[in-house]
Every structure is written in C-alpha cells, then in structure tokens.
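One letter stands for each residue in the lines below.
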Amino acid sequence: MKQKTVARKLIVKEEPHSIISEQYRVLRTNIKFSSAKKMKSFVVTSAIQGEGKSTTAANLAQLFAEEKQNVLFIDADLRKPTVHFTFNLQNTIGFSLALSHQKAIEECIQKTDDPYLDVMTSGPIPPNPSELLGSERLNEIKQQLEEQYDWIIFDTSPLLAVTDTQLLANRVDGVVLVVDMNKTHKKMVKKAQNLIENAEGKILGVVLNNVASSNMNYYSSKYYGSYVQK
Ligand SMILES: Nc1ncnc2c1ncn2[C@@H]1O[C@H](COP(=O)(O)OP(=O)(O)O)[C@@H](O)[C@H]1O
Ligand SMILES: [Mg+2]
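Residues numbered from 1 in each chain as written. Chains lettered and ligands numbered in written order. Predicted model: local features only at pLDDT ≥ 70, side-chain atom pairs only at ≥ 80, totals over all residues. Heavy atoms only, no water.

How should I be thinking about the pattern of salt bridges in this particular structure?
Oppositely charged side chains are able to pair whenever their charged atoms sit close together. Going through the model one piece at a time under the given rule, you end up with nine salt bridges. In this structure, D164 engages R79 in a salt bridge whose closest nitrogen and oxygen atoms are separated by 2.7 Å. Linking D164 in helix α8 (residues 164–169) with R79 in the loop between β2 (71–75) and α4 (83–86), this pair joins segments that are 85 residues apart in sequence. Using a relative accessible area of 1% as the deciding quantity, one classes D164 as buried. On the basis of relative accessibility, which here comes to 33%, the residue R79 falls in the partly exposed class. For K142, the salt bridge is made with E146, and the minimal N-O distance between the two is 3.2 Å. (Salt bridge = Lys/Arg side-chain N within 4 Å of Asp/Glu carboxyl O. Helix = DSSP H or I, 4+ residues; strand = E, 2+ residues; numbered from the N terminus. Buried < 20%, exposed > 50% of the residue type's maximum accessible area, 1.4 Å probe, protein only.)

Here you go:
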C-alpha cells in the first residue's frame, strides 16, 4: 500500500484530554515501571504492517518528552519509514546514513518544536537494512546517543516480515508490542512474541488496538496498555 505523504497528527498533542491520550499516558507509566533496571531504550513493533507501531511510538516519544526527559525518536523502519511525515521533516539524511558511515551521527539528528524531543528520520531507504541493523555500528551509535539522551525510542519494521527488528530487540532494553486485534491472529502474535524471545528481547508490554470489550478476555491479563481505537 502506498504510504501517506501528508503530515500525521499526534493525538497526545492535539487532543491531550482524549481517552486515547490518557491511555497512552498509562502506557508511558507502565513502561517506566516495567523494569527495576534503569532503562534507556526501547523499540515499538508488531507482527505485521499497519497495526499502529508508528502511531504508538510517536505518541510515546512525545509523552516522554513532555515529562522533560530528553528523547531521541529514531525511525528504524528502514523499509517503510513514516516518522518524517509525522514530524514534517526532511528525510534526505537520517539513520541509514549514520549506520553506513556516510554521515556523522549529529548530522542525522533533527530538532522538533518540542525542545526535549529530537528525531532521527530513516534517511534514504538502503538496499540492506538487516545488514546495517545487525552491524557493530549500531552499538556505537546507541552507546553515543545513550550518553546524550534519557530515552531512545525506535519505530521499527514488522517482526514477521524481516529480521530487522529482532536485531534491534536484542540490543535495546525493551520491546513494546502493538497488536491490532482486527488484523492479527493470535497465532501471529504468539509468533511475534517468540521472535522477540529468541532475540533475547524483553517485552515491556503489549498495546492492544481495536479491542472490542467482548474480546478483552481473549488475551490474558499479562498484557497492559490496551486502548480502544475508533
Ligand atoms: N489508535 C489509533 N487510532 C486511530 N488510527 C490509528 C491508530 N493507530 C494507528 N492508526 C492508523 O492506522 C494506520 C497504520 O498505523 P501505523 O502507525 O502507520 O502502523 P504501522 O507503523 O504498524 O505500519 C495509520 O493510518 C494510522 O493513522
Ligand atoms: Mg510504521
């Protein structure tokens, strides 16, 4: 499906008092309490495309920044990037160029109108995303950025499609799994969960999109941060 090229709205900014925004704030709280160990980075992912990864990740990045935490939001979906649309940014320079040593890390970071939120867009779509995300260079970039920021939040590719996100899950402090209950069968969710576990990723929580109240018991109560989508 063709990606939308129009700017996307951040609901936590546009409608901070809405129920969805409140639920994103609950999710933020749950993430902060999900580990006794100091966390600095997490990925937001899902089994397949279109489940709401980018939407969830962008709203969370904004919410962490609103608590005056220095946040860097990185578009690590090097196949179908959308973060530049959300924040209305150019995408000629970004993560792919930092990973492939074509640009210095600082050059790939852009400011937003929130002083606590910086963004690294994907950069040009590379021919070899998995190779770049599996490289030692990722560790170097992460290490440097973790010194500069309180939180590094990654938007990612779908887990079942490619290995990119497993490679990332292995190197960040946690994983937020987004599940669109209308789209994704329980077996696919289980498979996504297994892929995260195989990568030694730590699941911080699961966001349920499109939850019908009658379905609530379908997924066990270990999941949190569910919110109802229109
Ligand atoms: N909670 C939500 N409420 C309404 N629309 C949503 C919600 N989450 C995602 N969407 C819409 O669904 C579509 C796919 O979401 P996106 O975040 O781009 O998914 P992904 O990154 O997983 O491919 C987008 O058009 C987005 O605006
Ligand atoms: Mg996306």
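Quick question: what am I supposed to make of the packing of aromatic side chains here?
Between two aromatic rings, the relevant description is the distance of the centres plus the angle of the planes. What the rule picks out here adds up to five aromatic pairs. Between F42 and F64, the aromatic rings sit 5.8 Å apart at their centres with planes inclined by 55°, giving tilted as the arrangement. Of this pair, F42 sits in strand β1 (residues 41–46) while F64 sits in helix α3 (residues 53–66), and the two are 22 residues apart along the sequence. Each of the two residues, F42 as well as F64, counts as buried. For the pair F73 and F87, a centre-to-centre distance of 6.0 Å together with 70° between the ring planes defines the contact as edge-to-face. Placement of the pair is F73 in strand β2 and F87 in the loop between α4 and α5 (95–99), with a sequence separation of 14 residues. Each member of the pair F73 and F87 is classed as buried. Taken together through their ring pairs, the aromatic side chains of F42, F64 and W151 make up a single cluster. (Phe/Tyr/Trp six-rings, centres within 6.5 Å; stacked < 30°, edge-to-face > 60°.)

Explain the layout of surface pockets here, please?
Any empty space left between the atoms is revealed when a probe the size of a water molecule rolls over them. Its volume calculated, the second largest pocket comes out at about 250 Å³. In terms of lining residues, the second largest pocket is bounded by twelve residues, among which R8, K13, E14, T86 and F87 are the most central. Classifying every residue of the lining of the second largest pocket by side-chain character gives three nonpolar, four polar and five charged. (1 Å grid on protein atoms, 1.4 Å probe; cavity = no way out; pocket = protein on both sides within 12 Å on 5 of 7 lines; lining within 4 Å. Points joined across faces, edges and corners; volume = space filled by probe spheres on them. Nonpolar A, V, L, I, M, F, W, Y, C, P; charged D, E, K, R; others polar.)

What am I meant to see in the pairing of strand β6 (residues 174–180) here?
Within β6, seven of the seven residues are buried, leaving the element largely enclosed by the surrounding structure. Along β6, one buried face is formed by G174, V176, V178 and D180 and the opposite face, lined by V175, L177 and V179, is buried too. Here five bridges tie β1 to β6, and the two strands are oriented parallel to one another. Residue V43 lies in a different strand from β6, and its bridge partner there is V175. Here β6 pairs with strand β7 (residues 203–209) via six bridges, running parallel. Bridge assignment links V179 to a residue of β7, and that residue is L208. (Pairing = 2+ DSSP bridges.)

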